[in-house]
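# Residue-level structural notes
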Amino acid sequence: MAYQITDACIACGACAAECPVEAITEGDGKFEIDPEKCIECGACAGTCPVGAPEQA
């Protein structure tokens, strides 16, 4: 299942920079993952300082 970003997101952008398929964009107050583009690699979760990306 695709990753999703929880409300713990601090909008630092670290996850977006690590995403190899550019599935992460800045949303309203937090970043968002496009489930159609997400390849479930976990790069976002590995780089997030607050653990906001989680597998759905």
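In what follows, the accompanying structure is described. (Residues numbered from 1 in each chain as written. Predicted model: local features only at pLDDT ≥ 70, side-chain atom pairs only at ≥ 80, totals over all residues. Heavy atoms only, no water.)

### Considerations on empty space enclosed by the protein
On inspection of all chains with the given rule, the structure shows two cavities of 30 Å³ or more. By volume, the largest cavity is sized at about 100 Å³. Residue composition of the lining of the largest cavity, by class: eleven nonpolar, one polar and no charged. A volume near 60 Å³ is recorded for the second largest cavity. Class assignment for the residues of the lining of the second largest cavity results in twelve nonpolar, one polar and no charged. (1 Å grid on protein atoms, 1.4 Å probe; cavity = no way out; pocket = protein on both sides within 12 Å on 5 of 7 lines; lining within 4 Å. Points joined across faces, edges and corners; volume = space filled by probe spheres on them. Nonpolar A, V, L, I, M, F, W, Y, C, P; charged D, E, K, R; others polar.)

### Examining the nonpolar core
Formed by 14 residues in total, the largest nonpolar core has its most connected members in Ile5, Cys15, Ile24, Phe31, Ile33 and Cys44. Ignoring any residue separated from it by four or fewer positions in sequence, one finds Cys15 in contact with Ile5, Ile24, Phe31, Cys44 and Thr47. (Core = buried A, V, L, I, M, F, W, Y, C linked by side-chain atoms within 4.5 Å. Buried < 20%, exposed > 50% of the residue type's maximum accessible area, 1.4 Å probe, protein only. Contact = heavy atoms within 4.5 Å.)

### What about the environment of Lys37?
Here Lys37 shows up in the loop between strand 3 (31-33) and helix 2 (43-47). For Lys37, a relative accessible area of 44% translates into the label partly exposed. For the pair Lys37 and Val21, spaced 16 residues apart in sequence, the C-alpha to C-alpha distance is 6.8 Å. Excluding residues that lie within four positions of it along the chain, Lys37 makes contacts with Val21, Glu22 and Ala23. (Helix = DSSP H or I, 4+ residues; strand = E, 2+ residues; numbered from the N terminus.)

### Examining unusual backbone geometry
Despite not being glycine, Glu22 has its phi angle at roughly 55°, a positive value. Topologically, Glu22 is positioned in the loop between helix 1 (14-18) and strand 2 (24-26). What makes Glu22 exposed here is its relative accessible area of 63%. Its identity is not glycine, yet Glu40 carries a phi of approximately 60°, on the positive side.

### Considering the pattern of salt bridges
A full pass over the atoms with the stated rule returns one salt bridge. Among the ionic pairs, Lys30 bridges to Asp7, the shortest N-O distance being 3.2 Å. Placement of Lys30 in the loop between strand 2 and strand 3 and of Asp7 in the loop between strand 1 (3-5) and helix 1 is noted, with a sequence separation of 23 residues between them. (Salt bridge = Lys/Arg side-chain N within 4 Å of Asp/Glu carboxyl O.)

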